[in-house]
Amino acid sequence: EPEVTQTPSHQVTQMGQEVILRCVPISNHLYFYWYRQILGQKVEFLVSFYNNEISEKSEIFDDQFSVERPDGSNFTLKIRSTKLEDSAMYFCASSPLPTGVNSNQPQHFGDGTRLSIL
Amino acid sequence: EDKVVQSPLSLVVHEGDTVTLNCSYEVTNFRSLLWYKQEKKAPTFLFMLTSSGIEKKSGRLSSILDKKELFSILNITATQTGDSAVYLCAGGDMRFGAGTRLTVKP
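A few points on the structure.

## Regarding the pairing of strand β4 (residues 31–37) of chain A
Residue and element names in this part refer to chain A.
Point 1. Across the 7 residues that make up β4, a large majority, 7, are buried.
Point 2. Residues of β4 alternate between two faces, with Y31, Y33, Y35 and Q37 on one and F32, W34 and R36 on the opposite face, all of them buried.
Point 3. Hairpin connection of β4 to strand β5 (residues 43–50): 5 residues between the antiparallel strands, including G40 at a positive phi of 80°.
Point 4. As paired strands, β4 and strand β9 (residues 88–95) are joined by 7 bridges and run antiparallel to one another. Each residue of the ladder has a partner; that of F32, found in β9, is S94.

What follows is the structure, given as structure tokens:
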């Protein structure tokens, strides 16, 4: 069964540095998402992306964050000037259609990248 | 502000028991309600509910949505230790609840 793959599985970065988290969505999916889960807390939506544009973003997704689909397979999340509170598990997800829109097409999640800011 | 509230936050049962997990939601632009199971890492999809009163079933798991009362339940019958996980509910705009941590003891 096709999977969403994320690399690296664990990223350790010094505070203030930039980090890029990488995701390869399922190949025929058109919608891509990033979420984060701070340890012990709920999964939080960050951003959704379609047709090379951000379609929705949460209040968490401020100017520190950016997303890009640099080629036909990768979907990246860049975090600039990382802070201690950015430490979390970051999940990428993809779906063939927007979730909930006339379909039964859920989002498929990758295994996540654990980001540790020191 | 949209919110999704799950209850209970944690639940400990013995194998063979039946459990009911609750999810209430207030979202401004409801499209669907989703249930996920999260074990060690990625949430895995269980159900998507868009219509009120129609039960969805998958083996020992079932779920139903009440759009009038703005809640959904997830039932697990004849629980097994492998059902131990955090069960997440999400509104159609992918706002997640805090989850219910289910522990099934042998």
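## Quick word on the pattern of salt bridges
All names here are of chain B.
Point 1. The final tally for this structure, using the stated rule, is 3 salt bridges over all chains.
Point 2. Here K37 ties to E39 by a salt bridge, and the two come within 3.9 Å at their closest N and O atoms.
Point 3. When its relative accessible area of 14% is taken as the criterion, K37 is described as buried.
Point 4. When the shortest N-O distance is used, the salt bridge between D83 and R60 registers 2.8 Å. Placement of the pair is D83 in the loop between β8 (71–76) and β9 (85–91) and R60 in the loop between β6 (56–58) and β7 (61–66), with a sequence separation of 23 residues.
Point 5. With a relative accessible area of 25%, R60 lands in the partly exposed category.

Calculation rules
- Residues numbered from 1 in each chain as written.
- Chains lettered and ligands numbered in written order.
- Predicted model: local features only at pLDDT ≥ 70, side-chain atom pairs only at ≥ 80, totals over all residues.
- Heavy atoms only, no water.
- Buried < 20%, exposed > 50% of the residue type's maximum accessible area, 1.4 Å probe, protein only.
- Helix = DSSP H or I, 4+ residues; strand = E, 2+ residues; numbered from the N terminus.
- Pairing = 2+ DSSP bridges.
- Salt bridge = Lys/Arg side-chain N within 4 Å of Asp/Glu carboxyl O.

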